[in-house]
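The chain contents come next:
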Amino acid sequence: MKILMYSIYAFDKPFIENATHGKLEIEYTNQALNEDTAKLAEGFEGISLFTPDNASDSVLEKLYFYGVRYIALRSVGYDYVDLKKARALGIKVANVPSYSPYSVAEHAVTLLLALNRKIILGQKLMQMGDYRLDHLVGFDLYGKTVGIIGTGKIGAAFAKIMHGFGCQILACDPQENEELIQQIDISYTTLEDVCKNSDVISVHCPLNRETKYMFNKSNFSLMKRGVIFINTARGTIINTEDLIDALKMGNIGAAGLDVYEKEKTIFFGNHINKKLEDHLYTILRSFPNVLITGHQGFLTNEALEGIAQTTIVNFNAWAYNGLSENELK
Ligand code: NAI
């Protein structure tokens, strides 16, 4: 099977190359899939995609025309693929349903700790020779309430770490995690309760029709003043304009974001010497109490290895018997 991998970077290519390729003949491009780059897939039966790509309705039609029948995503999330359209065209799509959940959970904790203890500001001041501590006061996480939205694989890993810090864990998820309930002290409640009672809120649910703009001015206004808000899931779960207003009013004490709703035009690229045209992003970046990382939650050796292995397994399953167990229905 001939495969084209879109959005391949220096950080993930070696892991793909090291996986056992079996029947696969793989080519790579660092370009993201969109209306203009769909043509690159001509002559390839399979393509592999990542979050910067956009497999919309019209792009999928082009891919089908060029002969693409299999798409393996190098991600858990599949919000950048129009699955309904793929199904209608008979294009099979599979994801990587799980890889090190610790990678993203630990990144969420990193954002939380850096914000609470003002690590970035402290470092900047120190580099300028200012060793005063006046701007660097944080709070003990021990004994505080941490609200978790989505206690699947990543949310559960995050919950266990925060439980280890001595935090009270509140959670909101339509599907309670029975295994997690056996392992730690955790209380499930409504989104409203989580918003009202948490000192820290961390988002770990998928982006879908129900969760789009799930965080907006109505629930930002319920939150405890000074709450630390962390999002490592998907940018569009948050209404960015409302988040900016909540930050301006001081309702939100600090925000740690690994994702942003319009990240596709910014993240994973080099914008040195370019003016960023995204006004909202520029405002967001200007807050001293907002820490943004460019969708790097997954960026550990263990996660990259897991993503590469499962992606190759998915393609080989299709190449050998036409069926992959990770196909999205
Ligand atoms: P998972 O499928 O194991 O868990 C998701 C949980 O969210 C499930 O328990 C589900 O019931 C819950 N959920 C669904 N709708 C909800 C709602 N309306 N309110 C509250 N909970 C809800 O997925 P996993 O592996 O934990 O990943 C979670 C998300 O993290 C992914 O969908 C993806 O968007 C994001 N992610 C981000 C990465 C990064 O690098 N920043 C890397 C990998 C995933």
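Residues numbered from 1 in each chain as written. Predicted model: local features only at pLDDT ≥ 70, side-chain atom pairs only at ≥ 80, totals over all residues. Heavy atoms only, no water.

A. Examining the site of the ligand more closely. Taken together, the neighbourhood of the ligand is formed by 25 residues, with Lys-153, Ile-154, Asp-173, Thr-232 and Asp-258 sitting nearest. The separation between an oxygen atom of the ligand and a polar main-chain atom of Gly-152 is 3.4 Å. Between a nitrogen atom of the ligand and a side-chain N or O atom of Asp-258, the distance comes to 2.9 Å. Relative to its unbound accessible area of 870 Å², the ligand is 86% covered by the protein chains. Across the shell around the ligand, the residue classes break down as twelve nonpolar, nine polar and four charged. (Near = heavy atom within 4 Å. Polar contact = N/O pair within 3.5 Å; in protein donor to acceptor, adjacent residues only side chain to side chain. Areas by Shrake-Rupley, 256 points an atom, 1.4 Å probe, with all protein chains shown as cover. Nonpolar A, V, L, I, M, F, W, Y, C, P; charged D, E, K, R; others polar.)

B. Summary view of the domain arrangement of the protein chain. By the assigned domains, the protein chain splits into domain 1 (2-99 + 301-321) and domain 2 (101-292). When each unit is reduced to the centre of its C-alpha atoms, the spacing between domain 1 and domain 2 is 30 Å. With 13 residues of domain 1 at the contact, the number on the domain 2 side is seven residues. When the area that domain 1 buries against domain 2 is broken down by residue, the three leading residues are Thr-51, Asp-79 and Tyr-99, summing to 47%. In this structure, the connection of domain 1 to domain 2 is made through one salt bridge. For Asp-79, the salt bridge goes to Arg-234, with nearest N and O atoms at 2.8 Å. In this structure, the connection of domain 1 to domain 2 is made through four residue pairs in polar contact (both at pLDDT 80 or more). A per-class count over the side of domain 1 that touches domain 2 returns eight nonpolar, three polar and two charged. (Domains from an automatic or database assignment. Contact = heavy atoms within 4.5 Å. Buried area = accessible area lost by both parts, 1.4 Å probe. Salt bridge = Lys/Arg side-chain N within 4 Å of Asp/Glu carboxyl O.)

C. Representation of the UniProt feature "domain: D-isomer specific 2-hydroxyacid dehydrogenase catalytic" (unreviewed entry) in the protein chain within the structure. Per the UniProt record, the feature "domain: D-isomer specific 2-hydroxyacid dehydrogenase catalytic" (unreviewed entry) sits at residues 13-327. The distance from the first to the last C-alpha atom of residues 13-327 is 23 Å, and the span holds 36% helix and 15% strand. (UniProt positions renumbered as here; feature names shortened; annotations may be inferred. Helix = DSSP H or I, 4+ residues; strand = E, 2+ residues; numbered from the N terminus.)

D. Focus on the confidence of the model for the protein chain. Residues with a pLDDT of 70 or more make up 100% of the protein chain, whose mean pLDDT is 97. Per-element confidence in the protein chain is highest for strand β9 (residues 200-203), whose mean pLDDT is 99, and lowest for helix α12 (residues 301-321), whose mean pLDDT is 95. (pLDDT = per-residue confidence, 0-100.)

E. Representation of the sheet that holds strand β5 (residues 92-94) in the model. Spatial strand order, β2-β1-β3-β4-β5: five strands in an open sheet with parallel pairing. Both edges of this open sheet fall to β2 (25-28) and β5, since each of them pairs with a single strand only. On average, adjacent strands in this sheet sit at an angle of 20 degrees to one another, irrespective of strand direction. In the sheet, strand β1 (residues 2-5) pairs with β2 via four bridges, with the strands oriented parallel. Residue pairing in the sheet places Ile-3 in a bridge with Ile-26 of β2. (Pairing = 2+ DSSP bridges. Axes fitted to C-alpha atoms, helices over the stretch in contact; angles between N-to-C directions.)

F. Representation of the environment of Phe-50 within the structure. You can see Phe-50 is positioned in the loop between β3 (46-49) and α2 (57-65). The class of Phe-50 is buried, set by a relative accessible area of 4%. As a C-alpha pair, Phe-50 and Ala-32 span 18 residues in sequence and 8.3 Å in three-dimensional space. Beyond its immediate chain neighbours, meaning those up to four positions away, Phe-50 contacts Ser-7, Tyr-9, Phe-11, Arg-74, Ser-75, Tyr-80, Phe-268 and Phe-298. (Buried < 20%, exposed > 50% of the residue type's maximum accessible area, 1.4 Å probe, protein only.)

G. Examining the packing of helix α4 (residues 101-116) against helix α6 (residues 153-164) more closely. Running from N to C, α4 and α6 point in directions that differ by 50 degrees, and their axes come no closer than 8 Å. If you check the angle between α4 and α6, you find them oblique. Considering the relative orientation of α4 and α6, their crossing is right-handed. On α6, the residues that touch Pro-101, Tyr-102, Val-104, Ala-105, Glu-106, Ala-108, Val-109 and Leu-112 of α4 are Lys-153, Ile-154, Ala-157, Phe-158, Ile-161 and Met-162. Here the residues of the contact of α4 with α6 sort into twelve nonpolar, no polar and two charged. (Parallel < 35°, antiparallel > 145°, perpendicular 65-115°, else oblique. Left-handed = near helix turned anticlockwise from the far one by under 90°.)

H. Quick peek at the side chain of Thr-293. Looking at the secondary structure, you find Thr-293 in the loop between β12 (290-292) and α12. If sequence neighbours within four positions are ignored, Thr-293 has contacts with His-107, Leu-111, Leu-257, Asp-258, Val-259 and Phe-267.

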